[in-house]
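Here is how the chains run, residue by residue.
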Amino acid sequence: MAFCRAKTWFSRSFSSLSSNPLRVCVVGSGPAGFYTAEKMLKAHQGAEIDIVDRLPTPFGLVRSGVAPDHPETKIVVNQFSRVAQNDRCSFIGNVTLGSSISLSELRELYHVVVLAYGAESDRVLGIPGEDFAGIHSAREFVWWYNGHPDCKNLDPDLKSTDTAVILGQGNVALDVARILLRPTMELAKTDIASHALAALEESSIRKVYLVGRRGPVQAACTAKELREILGIKDLNVHIQESDLLKSPADEEELKNNRIQRRVYELLSKAASGPSLTSSDQRELHFVFFRKPDRFLDSGDRNGHVAGVRCEKTILKESVGSGKQIAVGTGQFEDLECGIVLKSIGYKSVPINGLPFDHHKGIVPNIQGRVLSNTTGNPTLVEEGLYVCGWLKRGPTGIIATNLYCAEETVASISEDLEQGKLPSTSSLPKPGREGLLQLLAERNVRVLSFSTWEKIDSEEKRLGSLRNKPREKLTTREELLKVTME
Amino acid sequence: MFASRLSRVGAWTVKELCKGKYKSAARMGHLYRPYSHYSQPLFKPQSETKIFQDTIFQRHNTFSTTAADNHSGEENEEEETISVSFVDKDGEEHHIRVPIGMSMLEAAHENDIELEGACEGSLACSTCHVIVMDMEYYNKLEDPTDEENDMLDLAFGLTETSRLGCQVIASPELDGMRLALPAATRNFAVDGFIPKPH
């Protein structure tokens, strides 16, 4: 039944295709996936591109990562929607690589497979107490307030403490701090998930610590986010002037780096700014030169975090790299808190049959061409298999970084096609979309399309309009699938 | 026509707001939306910003009245335009005419020049990054705001004469300006100007 419906959806696009189109499957519908699809459509006029995602909804971190109070950053979905609406492109949702279908099956069905499924796991500190209750990764917390179905039931306890410690000082750490500290009246007008808004409205958290191993010169956040959090109404920002002292090595770092220079200037201005005094004062503390050593629990609440023991650090130059690294001094300090959010980096998830570099947390590749192992031997290329985005480069960069990343991967694909490193589509036609849908129908996988997303999109906007929000996100698979049935 | 008039008004509004007390680029940014023909914005303006939308529309009405007056008795009055050249990623030059008040981003899109604009002119990305090829023209532009500089921080291939295309608005003194798309400058230097990585 599902297959028949699917066939009708896609049948109208068949008439416009050549008899042996290049069949491409992109796994992951975030920026990396969509930029790859867009550039493939442009570079190969006969190609048919399918974008597969395990969620019913597309757009990856644009939907589930970008903060609710950053709506302009999400405008890029307009461009991605136009890609999905192209005759030669189809979004295929609710299909999980590794369970609905295997990697080898996909490689049989398509000439080119591009893995762009990002990084859905977390780096770990590997310190004692990391499994205490009350410690979450920033990724989970972000997914929670953005209504990702996987974290709907995260249920972070925001009511039994007034202090949150965030480990890390990148933009994700700042996002999380800002959501904890922003007046909920402002959050109520955004697309924040309602279960998160309700929890934040009852939150007793008034103090947030942003803890970094190194100094303000090395802070990983960028100016826009820093300027924004420093500008929150009635927020008392604490930065120790002594932390701002710069060594010659620091000056050297700043000299060559515009981003760091402007961030440092903002932090300096904030440190010397006037102190506010008003009731219900919220505080943001930037804590530098502290490395978490272990988590502490309290006597009466065993197994629940009550603080973080940090080791003071100093910076030493890492020989050869020109970078400074944090080295422990043996002096310790405790930070009391009732909730910890670890914002120390994401990590990609390996799947069966996929070469993986566990040290770097990425798929071994050269300019997007997947290599069979991690030796770096360029002759051991996995034919027809490519990567793009965080899975290729590691979990850093902004949405636009994927623009250039996709350009490189698509250039590699185009080159390989030109040089005959991939079988020509006429000598080896592949079943592509038809084959995939048939296989999934046999397995009773409920496949969703871009038009079912459009139904979800309208429903979310409609629900949002009832509450003066741009949208009210549907946060369980059941709710999402129910809308698509109507 | 409407789009360019709105752009003019938008530009004035953005400049006024930049001088004003509103620190949030977010709130300013989304007002300046030259993409009137793009799909619906994802969000409704927040109540504070409704005031500014009213301001825009007031100005627009002023322009309309003026235009109506000018048009009485005259036919086919041409919009004032300036000449701008874009050098694309392949080194090809595109000479276009840009109506006064239109942003370079919108002008590029109207002329099928491949300039990305992920946030559609809201000062929330750096994808419309362009390099002003002649220092003389760069100096004629008003200094970038903090918000634009924040986005330029992240631009790929940033140079000393880089600007965001959505923030460069056509005015008579910019006639003859040449803008390069960042990848173009990998291949050659124009008029002895070699952009230095920032």
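Residues numbered from 1 in each chain as written. Chains lettered and ligands numbered in written order. Predicted model: local features only at pLDDT ≥ 70, side-chain atom pairs only at ≥ 80, totals over all residues. Heavy atoms only, no water.

Caption draft 1: Quick peek at the overall build of chain A. Counting secondary structure elements, chain A contains 17 helices and 18 strands. Its C-alpha atoms give chain A a radius of gyration of 24 Å, within 12% of the compact-globule value 23 Å for 486 residues. If one aligns the C-alpha atoms of chain A with their principal axes, the spans along those axes are about 70 × 55 × 40 Å. Each of the 486 residues in chain A was classed as buried or not, and the buried ones make up 56%. Residue pairs in contact within chain A that sit at least 24 positions apart in sequence constitute 75% of those at least 6 positions apart. Split by element, the accessible area of chain A, about 20,700 Å² in all, is 50% carbon and sulfur. Side chains of chain A give 61 positive and 61 negative charges; the mean places of these two sets differ by 3 Å. (Helix = DSSP H or I, 4+ residues; strand = E, 2+ residues; numbered from the N terminus. Rg over C-alpha atoms; globule rule 2.2 N^0.38 Å. Buried < 20%, exposed > 50% of the residue type's maximum accessible area, 1.4 Å probe, protein only. Contact = heavy atoms within 4.5 Å. Areas by Shrake-Rupley, 256 points an atom, 1.4 Å probe, with all protein chains shown as cover. Lys, Arg positive; Asp, Glu negative; His and termini not counted. Charge placed at Lys NZ, Arg CZ, Asp CG, Glu CD.)

Caption draft 2: The arrangement of unusual backbone geometry in detail. With phi around 60 degrees, Asp234(A) is a residue other than glycine that occupies positive phi space. Mapped onto the fold, Asp234(A) is located in the loop between helix H10 (223-230) and strand S9 (235-239). A relative accessible area of 44% means that Asp234(A) is categorised as partly exposed. One non-glycine residue, Asp112(B), lies in the positive phi region at around 55 degrees. Its location among the elements puts Asp112(B) in the loop between helix H4 (104-110) and strand S3 (129-132).

Caption draft 3: View of the sheet that holds strand S17 (residues 369-371) of chain A. All names here are of chain A. Spatially, seven strands are ordered S3-S2-S1-S4-S18-S17-S16 in an open sheet, and the strand pairing comes out mixed. With one partner strand each, in any of the chains shown, strand S3 (89-93) and strand S16 (365-366) form the two edges of the open sheet. Where strand S1 (residues 23-27) and strand S4 (residues 112-115) come together, four bridges link them in parallel fashion. Across the sheet, the residue bridging to Val26 is Val114, located in S4. Strand contacts of helix H14 (residues 401-418): S4, S17 and strand S18 (381-387), with the helix running at about 150 degrees to S18, the strand carrying the most contacts. (Pairing = 2+ DSSP bridges. Axes fitted to C-alpha atoms, helices over the stretch in contact; angles between N-to-C directions.)

Caption draft 4: Representation of the nonpolar core. In this structure, Tyr145(A) and Leu180(A) are the most contacted members of the largest nonpolar core, which totals 51 residues. Membership of the second largest hydrophobic core comes to 44 residues, among which are Ala84(A), Tyr386(A), Leu403(A) and Ala124(B). (Core = buried A, V, L, I, M, F, W, Y, C linked by side-chain atoms within 4.5 Å.)

Caption draft 5: How the structure looks around the pairing of strand S7 (residues 163-167) of chain A. Residue and element names in this part refer to chain A. Among the five residues of S7, five are classified as buried, and the element is accordingly described as predominantly covered. Burial along S7 is two-sided: the residues Thr163, Val165 and Leu167 and Ala164 and Ile166 are all buried. As paired elements, S7 and strand S8 (residues 207-211) share five bridges and run parallel to each other. Bridge assignment links Ile166 to a residue of S8, and that residue is Leu210. Relative to strand S14 (residues 339-342), S7 runs parallel, the two being bridged by four bridges. Across the sheet, Ile166 pairs through a bridge with Leu341, a residue of S14.

Caption draft 6: Seen up close, the interface of chain B and chain A. Facing 32 residues of chain B, the contacting portion of chain A comprises 31 residues. Across the interface of chain B and chain A, roughly 2,900 Å² is buried in total on both sides, 53% from carbon and sulfur atoms. At the junction of chain B with chain A, the criterion picks out seven salt bridges. The closest approach of N and O atoms between Asp153(B) and Arg262(A), which form a salt bridge, is 2.8 Å. Viewed at the interface, chain A and chain B are joined by 12 residue pairs in polar contact (both at pLDDT 80 or more). Among the secondary structure elements, those contributing two or more residues to the side of chain B that touches chain A are helix H3 (47-71) and helix H6 (146-152) of chain B. The biggest single contributor to the side of chain B that touches chain A is H6(B), with six residues. A breakdown of the residues in the side of chain B that touches chain A according to their chemical character gives 12 nonpolar, nine polar and 11 charged. (Buried area = accessible area lost by both parts, 1.4 Å probe. Salt bridge = Lys/Arg side-chain N within 4 Å of Asp/Glu carboxyl O. Polar contact = N/O pair within 3.5 Å; in protein donor to acceptor, adjacent residues only side chain to side chain. Nonpolar A, V, L, I, M, F, W, Y, C, P; charged D, E, K, R; others polar.)

Caption draft 7: Expanded view of the packing of helix H11 (residues 248-255) of chain A against helix H12 (residues 258-271) of chain A. All names here are of chain A. Relative to each other, H11 and H12 sit at 120 degrees, their axes nearing to 7 Å. Accordingly, the angle class assigned to the pair H11 and H12 is oblique. Contacts from Glu253, Leu254 and Lys255 of H11 reach H12 at Gln260, Arg261 and Tyr264. Of the residues that constitute the contact of H11 with H12, the class distribution is two nonpolar, one polar and three charged. (Parallel < 35°, antiparallel > 145°, perpendicular 65-115°, else oblique.)

Caption draft 8: The packing of aromatic side chains, seen in detail. Residue and element names in this part refer to chain A. According to the stated counting rule, one finds 12 aromatic pairs over all chains in the structure shown. Both rings, one in Phe59 and one in Trp453, keep their centres 5.7 Å apart while their planes meet at 85 degrees; by these two values the pair is edge-to-face. With Phe59 in the loop between strand S2 (48-53) and helix H3 (61-64) and Trp453 in helix H16 (residues 450-465), this residue pair connects regions lying 394 residues apart in the sequence. As far as the burial class goes, Phe59 and Trp453 line up, both buried. A centroid spacing of 5.7 Å and a plane angle of 85 degrees characterise the contact between Phe141 and Tyr145, whose relative ring orientation is edge-to-face. Highlighted residues: Phe141 and Tyr145, both in helix H6 (residues 138-145), separated by four residues, approximately one helical turn. Through a chain of ring-to-ring contacts, the aromatic side chains of Phe34, Tyr35, Phe59, Phe80, Phe91, Phe450 and Trp453 assemble into a single cluster. In this arrangement the basic side chain of Arg139 is found over the ring face of Trp143, its NZ or CZ atom lying 4.8 Å from the centre. (Phe/Tyr/Trp six-rings, centres within 6.5 Å; stacked < 30°, edge-to-face > 60°. Lys NZ or Arg CZ within 6 Å of the ring centre and 35° of its normal.)

Caption draft 9: Quick look at the sheet that holds strand S2 (residues 93-99) of chain B. Residues and elements named next belong to chain B. What the five strands build is an open sheet, ordered S2-S1-S5-S3-S4; its pairing is mixed. Looking at which strands have only one partner, the edges of the open sheet turn out to be S2 and strand S4 (162-164). Neighbour-to-neighbour, the strand axes of the sheet open up by a mean angle of 35 degrees, direction not taken into account. In the sheet, strand S1 (residues 81-87) pairs with S2 via seven bridges, with the strands oriented antiparallel. Bridging from a neighbouring strand, Phe86 pairs with His94 of S2.

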